Structure formats: structure tokens, C-alpha cells
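Given next are the chains, with one letter for each unit.
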Amino acid sequence: MASASVVVGVGEAEEEEEHNNKLILYSFWRSSCSFRVRIALNFKGLKYDYKPVNLLKGEQSHPEFLKLNPVGFVPVLVDGPAVISDSFAIIMYLEDKYPQHPLLPTDIHKRAINFQVVSIVSSSIQPLQNLSLLTYIEGKAGPDEKLSWVQSVIKKGFTALEKLLKEHTGRFATGDEVFMADIFLAPQIHSAFKKFNIDMTEFPTLSRLHETYYEIPAFREALPENQPDAAG
Ligand SMILES: N[C@@H](CCC(=O)N[C@@H](CS)C(=O)NCC(=O)O)C(=O)O
């Protein structure tokens, strides 16, 4: 696995920099779960070494990688002795260890809505459109079945999100600040748009958020096409 150093949203204090040098992110450019963590790292101004794991070449199943994450998924974050996989666990770790630019609101209702959005994306949409599942469906039933499956999964999730967010949205998903809900939504909306050809006119709130996110460098710099392994 090649290594590329990525410096984005550099933190202010030198002391912070010392901690930052240890961070390594195992990521695949097109992975929406890796995209979430890249946004969180950028948002907190943390620099990190980027280690590409090519999912299309099966590198997630190499013995070396399975030592880091036995379930064989990206992303994985290494912070000195700490090895953490799963985007939610990683982002919560970053939130606890690097409190600058908090990713959760203090208001407990708003916080719960953030977790609800995170859970819809990471439990009720993304696992049902994961690479290994789609490869399986395509193998058993063909490419058309695969696309109609993904589209139905995304539409069901987006319909729920659209209803939920109507009551909470401001400039961003749960108000006028970026929180964890946004970090999970942005990659999911992006892949619906770019990869799975979803008609976003049915989802005006999600479409508006999608436009707003890429006005912000932390989101822009985390985009798949801006990664060192893009198109690999
Ligand atoms: N719950 C995990 C899911 C991780 C996951 O599904 N990763 C995908 C990329 S987004 C993956 O590595 N897929 C490889 C495969 O399906 O073989 C997380 O949020 O990190």
C-alpha cells in the first residue's frame, strides 16, 4: 500500500502539530466511510498521512490490512498506539481527543438528532449498498438488479432524512453549524448523485445541503477526486 502525506486545514498551535504527526488514515478515495473521516480530520485542522487501500484490487483482505481491521473495511485510523476502525468510532475518538471545532452540539435534543442522522446513514443506507453486497447482487442477479436495489435503499433512507431534517435544518443539517450529521450526510448524498444516479429533485433539503457543503474547504478537500489515490 503506497503512502502519501496529506496536509489539509493545518492546525494553529505547534503543540497540536506534535500530536498530529502520528495520525495515519487508511482510506480509499471512493469510500464514503473514509470520506466521513477525512471531513472530520480536515474540520478539526488535523494533518495526517494518507495510506490508500484499493478496494477494487481487494487490498482490504490482505493479511497486513486485516491485522489493522479484522473485518476488512476502510477506514482505519492509527494514532500512535491507538488503532481504530469504523468511521463512527474514529470520529468519536477524534471528538474526544481533539475538542477543537466540536462535531456535536451541547443541546441534547439536537445531539440526539445528529445521532439519528448518523445511524440512518451508517446503519440503514450505507451497509445495504456496500461494495461486497453489490458485487454479490450483481453476480447473482445482474447489473440492472444491482442498480434498482441501491436506488430503492437510498430513496427509502433519503425520504426519512428529508422528513426528519425539515424540522431541524438551518444552513446545515441541524442548524447553522456543521455537526456530525453533516459529516455523514455529505458523502452519502455525493455518492447517490455521482455513483447511483438518484433523482435528487425529490429531496430538496438534501440537495440544498449538498450545494452548501462544498462551499467549505474541509468538505471540498475530502472529496474523492481530491485524494492521492483518485481513479486508482
Ligand atoms: N461501519 C463501517 C463500515 C465500513 C465499510 O463498509 N467500508 C467500506 C467502504 S465505505 C469497505 O471497506 N468496503 C469493502 C468491502 O465491501 O469489501 C464504517 O462506518 O466505517
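Criteria and cut-off values
Residues numbered from 1 in each chain as written. Predicted model: local features only at pLDDT ≥ 70, side-chain atom pairs only at ≥ 80, totals over all residues. Heavy atoms only, no water. Domains from an automatic or database assignment. Contact = heavy atoms within 4.5 Å. Salt bridge = Lys/Arg side-chain N within 4 Å of Asp/Glu carboxyl O. Polar contact = N/O pair within 3.5 Å; in protein donor to acceptor, adjacent residues only side chain to side chain. Helix = DSSP H or I, 4+ residues; strand = E, 2+ residues; numbered from the N terminus. Nonpolar A, V, L, I, M, F, W, Y, C, P; charged D, E, K, R; others polar. Core = buried A, V, L, I, M, F, W, Y, C linked by side-chain atoms within 4.5 Å. Buried < 20%, exposed > 50% of the residue type's maximum accessible area, 1.4 Å probe, protein only.

(A) Main features of the domain arrangement of the chain. Taken domain by domain, the chain comprises domain 1 (2–100) and domain 2 (108–220). A C-alpha centroid distance of 21 Å is found between domain 1 and domain 2. In this complex, domain 1 contributes 17 residues to the contact, which on the side of domain 2 involves 20 residues. Put simply, domain 1 and domain 2 have zero salt bridges between them. On inspection of domain 1 and its partner domain 2, the count reaches one residue pair in polar contact (both at pLDDT 80 or more). Looking at the side of domain 1 that touches domain 2, the elements that each hand over two or more residues are α2 (32–43) and α4 (87–97). Top element by residues in the side of domain 1 that touches domain 2 is α2. It accounts for eight residues. Broken down by class, the residue content of the side of domain 1 that touches domain 2 amounts to eleven nonpolar, four polar and two charged.

(B) Structural context of the nonpolar core. Grouped together as the largest cluster of nonpolar side chains are 67 residues, with contacts concentrated most on Leu41, Phe158, Leu161, Leu185, Leu206 and Tyr213. Per-domain counts for this core show at least three residues from each of domain 1 (2–100) and domain 2 (108–220). Leucine 41 has contacts with Leu23, Leu25, Leu46, Tyr48, Leu77 and Leu94, leaving out every residue within four places of it along the chain.

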